[in-house]
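For reference, the chains in residue letters:
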Amino acid sequence: MPFALTAEREKQVEALLTRYPNARAALIPVLWVCQRQHGWISPAVRDWVAQRLDLSTATVTGVVTFYTMFFDKPVGEHVIWVCRTLSCDLRGGKAIQEHLEQRLGCHAGGTSTDGKFTLMKAECLAACGQAPMVQIDDDYHENLTLEGLDQILDSVGAAPAEEA
Amino acid sequence: MVADYEPILSSRYGVPDAHRLAVAERNGAYATAKKALLTMRPDAIKEEVKKASLRGRGGAGFPAGIKWGFLNPKEGDDIYLVINGDESEPGTFKDRTLLNLDPHRLIEGALITCWAIGAHKAYIYIRGELAHSIAILDAALDEARAKGYVGARPFGKNYPIEIFSHPGAGAYICGEETALLNSLEGRRGEPRLKPPFPAIKGAFGMPTIVNNVETISAVPDIIRMGGETWCNLSRLAPRDGGVRLYGISGHVKKPGVYEAPVGITLRELIDDYGGGMLHDDRPLKAVIPGGSSTPVLRPDRMVEAEAEDHPLHEWHGKSEIDVPMGVDTFRALGTMLGTCCAIVMDSSVNMVDAARNLMRFYRHESCGQCTPCREGSGWLQNTLEEVCEGRGRPEDVALLVDIANNMMGNTICAFAEGTAMPMLGMIQQFHQEFVDAAAAGLPEGYRHDDSTRAGLAGDPADAVADGASTDDTSTDEVTA
Ligand SMILES: Cc1cc2nc3c(=O)[nH]c(=O)nc-3n(C[C@H](O)[C@H](O)[C@H](O)COP(=O)(O)O)c2cc1C
Ligand code: SF4
Ligand code: FES
C-alpha cells in the first residue's frame with residue numbers, strides 16, 4: 001500500500017521545508033511527522049519521504065537506521081522506554097524494568113502478546129534527578145514507585161499482571 | 001548561604017506560567033534584547049561576554065566570548081547560530097529545565113547572540129525524546145514571532161532574525177557539535193573531522209557558532225548586569241565567571257537542579273543543596289562530578305598539591321570534594337567539570353558494576369566510524385561483563401587499562417576519550433575493587449539498586465541489608 005500524509009500533516013511538512021536552506025535538512029522532522037501518523041517507518045514511508053524530499057531511498061534508510069527513535073519494524077500501540085543508565089539504576093531502574101517485564105509479559109525489546117505495548121531499554125533520558133523514570137510514548141513518568149508505575153500502566157490500559 | 005541566594009539564571013523558575021511570553025515579559029524578559037539590538041554595537045556585546053568569562057556549559061568549558069571571535073566570514077557567507085539542546089550525557093538534566101520552565105530566556109539569549117555574531121538564523125537542536133520541551137519551545141517561538149520579537153524586524157530593527165527548533169531522534173553522539181550539524185542537515189549523526197571547525201565551516205558549509213542551551217541563556221543577564229559584574233558573582237572570578245545550573249542525582253535526599261555561583265564545592269552540592277546522603281548509614285563512596293565522561297572522585301582521597309605554584313595548592317591536603325567546582329580547578333584535579341551535573345554513589349555501590357553500566361552505554365552509543373572507539377568500547381563492555389559475572393581473569397584489570405589507553409588520541413571526536421578517561425579513573429580510584437572482581441566476580445547477591453529497590457515497593461523497612469560494600473582503602477596506582 002502506498003503511503004500518504006493527511007492534509008493537515010502535509011501542511012506541517014510544507015512549513016518545515018521553509019525552515020532550512022535545502023530540503024534534505026527537513027528529513028528528520030519529516031520522518032517524525034510520518035512516524036506520528038503511521039507508527040513506524042515502513043518501506044512505503046521511506047519511498048514516500050525519498051520522493052517528497054528528492055532523495056534516494058538508500059539515503060533515507062541510512063538515516064532511519066542511525067537513530068534509535070525511528071522504528072523500522074511495527075511496534076505496539078504504546079512504546080515504553082525504561083531508563084537503565086547509571087543515575088536511574090542507582091535508584092531502582094532495574095527493579096522498574098523487572099516489574100514492567102512481569103506485568104507486560106515480555107522482555108525489553110519485545111511486544112506484549114496483546115500487541116499493546118513494546119518495552120525498550122533506554123539510555124539516559126535527561127531526567128536523572130527524578131530517577132527512576134520511564135517514558136511512555138511522549139510522556140515522562142518520574143520519581144517512580146512500583147505502585148505508581150502500576151497506576152500509570154492501568155491508566156494506559158495494561159492488563160493486570162498474571163499470578164506467577 | 002543556600003537560603004538567602006537570589007537566583008538569576010533561574011529567577012523565573014518559581015513564577016507560574018513563565019513559559020508564556022506575557023508572564024516572562026512581566027518578569028523581565030526581552031528588555032535586555034531590546035536594549036541590545038536597538039542601542040548596542042555587536043562588538044560591544046562581544047566585549048561584555050568576553051569580560052564575563054562565560055565558560056561553555058556543554059561540557060568542554062571553552063570561553064564563549066573567545067569562540068565568537070573565531071568567526072571570520074567571507075563576503076556573502078551566511079552565519080548560523082546553532083544551540084545545542086541534545087542533553088544526553090548520562091547524569092545531565094539541566095538544559096531541560098530551561099527549555100520547559102523559561103524558554104523565553106533562551107530565545108532572548110539567541111536574539112542577542114545572533115545580533116552580536118552577525119547571524120540571521122538560529123537553530124535550537126533538541127533531543128527527540130523531549131517532545132514536550134520541543135512543543136513548549138515552539139509555542140514560545142510562535143508567541144515571540146507574533147509579538148514581532150523574532151522575525152523580519154525584531155523590536156522594530158531592520159535586522160531579520162529567525163529561530164527554529166530542530167528535533168533529534170535518539171543518539172547520544174548528536175550532542176557532539178559536528179555530529180549535531182550533520183544531524184541538522186538531515187544526515188546520520190556522525191562527527192566530522194576537525195579542522196575545519198564550525199566557526200569556519202559549520203552548518204550548510206557556513207560559519208557557525210555552536211553553544212549549549214545554558215550558555216546562550218546566560219547572555220541576557222550578562223548584558224543586563226555588565227560582563228564584569230556578572231563574572232564577579234563567581235567564586236572563581238575572573239577566569240571562570242558567573243552563576244550556573246548544578247545537577248545532582250543518585251544517592252542523595254534531594255536530587256535536582258540548583259542554581260549557584262560558579263565554584264561551590266561538591267560537598268556543598270551534596271550536603272547543602274542535595275540534602276545529604278539518602279541513607280544515614282550509607283556514607284558517600286564516590287562522585288562522578290560532571291556527567292559520565294568525567295573521571296570519578298572520592299571523598300577520602302586528598303589533594304596533593306604541595307608545590308606553592310600548583311594551581312590547587314590552596315586545597316593541598318583537603319578532600320577532593322572540597323575543591324571549588326570550576327573548569328580549570330577540576331582539570332587540575334585530573335577530572336573535568338563537564339556538564340556540572342554530579343552522580344552521587346554511596347557505600348552500597350560496587351564500582352566495577354557502575355563501570356559496567358557506563359560502558360554498556362558507551363558501547364551502544366559509539367557511532368562506529370573509528371576502529372579504536374568502536375572496538376574498544378565493545379571490549380571494555382565485554383570484559384566488564386565477564387568480570388562482573390565471575391568469569392574474569394586476574395589480568396583483566398590490566399587489559400581494561402590497556403584497551404582504554406589505546407582508545408585515546410586516534411579518533412575523529414572526543415567520544416573515545418570520554419569513554420576511556422572515566423574507565424581509567426574508576427580503575428585508578430578503586431583498583432582493589434577491580435582486582436577483587438576479576439578474581440571472584442561481584443559479591444554474592446549484589447545488586448547496585450539494593451539501597452532503593454526495597455524502598456520502591458513502598459516499604460523502606462524491607463531494605464535489603466548492605467552486603468555489597470567493598471571498602472577499598474588501597475591506594476594502588478594504575479601502571480600503564
Ligand atoms: C560525545 C560528545 C557528546 C556531547 N554532548 C553534548 C550535549 O549533549 N550538549 C552540549 O551542549 N554539548 C555536548 N557536547 C559538547 C559539544 O561538542 C560542544 O562543545 C558544545 O555544544 C559547545 O557549546 P558550549 O561551548 O556552549 O559548551 C558533546 C561533546 C561530545 C564529544
Ligand atoms: S570517536 Fe567514536 S563516536 Fe567519535 S567519531 Fe569516532 S567512532 Fe564515532
Ligand atoms: S540516568 Fe535515567 S534519566 Fe539519566
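Residues numbered from 1 in each chain as written. Chains lettered and ligands numbered in written order. Predicted model: local features only at pLDDT ≥ 70, side-chain atom pairs only at ≥ 80, totals over all residues. Heavy atoms only, no water.

1. A few points about the overall build of chain B
Inference 1: Check the secondary structure of chain B and you find 18 helices and eight strands.
Inference 2: The globule rule puts the C-alpha radius of gyration for 480 residues at 23 Å, and the 23 Å found for chain B is close to it.
Inference 3: The principal-axis extents of the C-alpha atoms in chain B amount to approximately 70 × 50 × 50 Å.
Inference 4: For chain B, buried positions account for 61% of its 480 residues.
Inference 5: Within chain B, contacts between residues at least 6 apart in sequence are counted, and of these 70% link residues at least 24 apart.
Inference 6: Working note: accessible area of chain B is about 17800 Å², and carbon and sulfur atoms make up 51% of it. (Helix = DSSP H or I, 4+ residues; strand = E, 2+ residues; numbered from the N terminus. Rg over C-alpha atoms; globule rule 2.2 N^0.38 Å. Buried < 20%, exposed > 50% of the residue type's maximum accessible area, 1.4 Å probe, protein only. Contact = heavy atoms within 4.5 Å. Areas by Shrake-Rupley, 256 points an atom, 1.4 Å probe, with all protein chains shown as cover.)

2. Focus on the domain arrangement of chain A
Inference 1: Splitting chain A by domain gives domain 1 (7-66) and domain 2 (78-158).
Inference 2: Each of domain 1 of chain A and domain 2 of chain A has a C-alpha centre, and these two points are 29 Å apart. (Domains from an automatic or database assignment.)

3. Thoughts on the sheet that holds strand 8 (residues 341-346) of chain B
Pairing between the strands of a sheet comes from backbone hydrogen bonds, and it takes one of two forms, parallel or antiparallel.
All names here are of chain B.
Inference 1: Within the open sheet, the four strands sit side by side as 6-5-8-7. Their pairing is mixed. Of all the strands in the sheet, the pair left with one neighbour each is strand 6 (256-261) and strand 7 (284-288). Pairs of neighbouring strands in the sheet enclose a mean axial angle of 30°, with direction left out of account.
Inference 2: Sheet analysis places strand 7 next to strand 8, joined by four bridges and oriented antiparallel. (Pairing = 2+ DSSP bridges. Axes fitted to C-alpha atoms, helices over the stretch in contact; angles between N-to-C directions.)

4. Remarks on empty space enclosed by the protein
Residue and element names in this part refer to chain B.
Inference 1: Under the definition given, this model contains four cavities of 30 Å³ or more.
Inference 2: One number sums up the size of the largest cavity: a volume of about 80 Å³.
Inference 3: Every residue lining the largest cavity is counted, 13 residues in all, and those nearest its centre are Cys367, Cys370, Cys373, Cys413 and Phe415.
Inference 4: Looking at the lining of the largest cavity, its residues break down into nine nonpolar, four polar and no charged. (1 Å grid on protein atoms, 1.4 Å probe; cavity = no way out; pocket = protein on both sides within 12 Å on 5 of 7 lines; lining within 4 Å. Points joined across faces, edges and corners; volume = space filled by probe spheres on them. Nonpolar A, V, L, I, M, F, W, Y, C, P; charged D, E, K, R; others polar.)

5. Some points on the state of the cysteines
Inference 1: If you walk through the whole model with that rule in mind, you get zero disulfides over all chains.
Inference 2: B:Cys174 supplies the cysteine sulfur nearest to A:Cys34, a cysteine that is in no disulfide, at a spacing of 19 Å. (Disulfide = S-S within 2.5 Å.)

6. A look at the environment of B:Ile222
All names here are of chain B.
Inference 1: For Ile222, the position within the fold is in helix 9 (residues 213-225).
Inference 2: When its relative accessible area of 0% is taken as the criterion, Ile222 is described as buried.
Inference 3: When the C-alpha atoms of Ile222 and Ser53 are compared, they prove to be 10.0 Å apart, with 169 residues separating the residues in sequence.
Inference 4: Residues contacting Ile222, with those up to four places away along its chain left out, are Glu48, Val49, Ala52, Leu54, Gly227 and Trp230.

7. Remarks on the site of ligand 2
Residues and elements named next belong to chain B.
Inference 1: What surrounds ligand 2 is a group of 13 residues, the closest being Cys367, Gln369, Cys370, Cys373 and Cys413.
Inference 2: Judged by the fraction of its atoms near the pocket grid, ligand 2 is located in the largest cavity.
Inference 3: Looking at the shell around ligand 2, its residues break down into nine nonpolar, four polar and no charged. (Near = heavy atom within 4 Å. Sits in = over half its atoms within 2 Å of the grid points.)

8. Some points on the interface of chain B and chain A
Frequently, the measure chosen for interface size is the accessible area that the parts lose on association.
Inference 1: Between chain B and chain A, the contact holds 66 residues from the first and 50 residues from the second.
Inference 2: Taking both sides of the interface into account, the surface hidden between chain B and chain A amounts to around 4400 Å²; carbon and sulfur atoms contribute 57%.
Inference 3: Viewed at the interface, chain A and chain B are joined by one salt bridge.
Inference 4: With a shortest N-O distance of 2.8 Å, B:Arg96 and A:Glu142 are connected by a salt bridge.
Inference 5: Along the contact surface separating chain B from chain A lie 25 residue pairs in polar contact (both at pLDDT 80 or more).
Inference 6: Among the secondary structure elements, those contributing two or more residues to the side of chain B that touches chain A are strand 2 (119-126), helix 7 (131-146), strand 3 (162-167), helix 8 (177-184), strand 5 (243-250), strand 8, helix 13 (351-365) and helix 18 (450-456) of chain B.
Inference 7: Broken down by element, the side of chain B that touches chain A gets its largest block of residues, seven residues, from helix 13 of chain B. (Buried area = accessible area lost by both parts, 1.4 Å probe. Salt bridge = Lys/Arg side-chain N within 4 Å of Asp/Glu carboxyl O. Polar contact = N/O pair within 3.5 Å; in protein donor to acceptor, adjacent residues only side chain to side chain.)

9. Side note on the domain arrangement of chain B
Residue and element names in this part refer to chain B.
Inference 1: Domain boundaries in chain B define domain 1 (21-225), domain 2 (243-346) and domain 3 (351-464).
Inference 2: The centre of domain 1, based on its C-alpha atoms, is set 29 Å off from the matching centre of domain 2.
Inference 3: In this assembly, domain 1 packs against domain 2 so that about 1400 Å² is buried in total across both faces, 56% of it on carbon and sulfur atoms.
Inference 4: The largest per-residue losses of area from domain 1 upon contact with domain 2 belong to Arg55, Arg57 and Phe93, which jointly make up 34% of the total buried on that side.
Inference 5: There are one salt bridge connecting domain 1 and domain 2.
Inference 6: Note that Asp328 is salt-bridged to Arg55, the shortest N-O span being 3.0 Å.
Inference 7: Counting every contact that joins domain 1 to domain 2 gives eight residue pairs in polar contact (both at pLDDT 80 or more).

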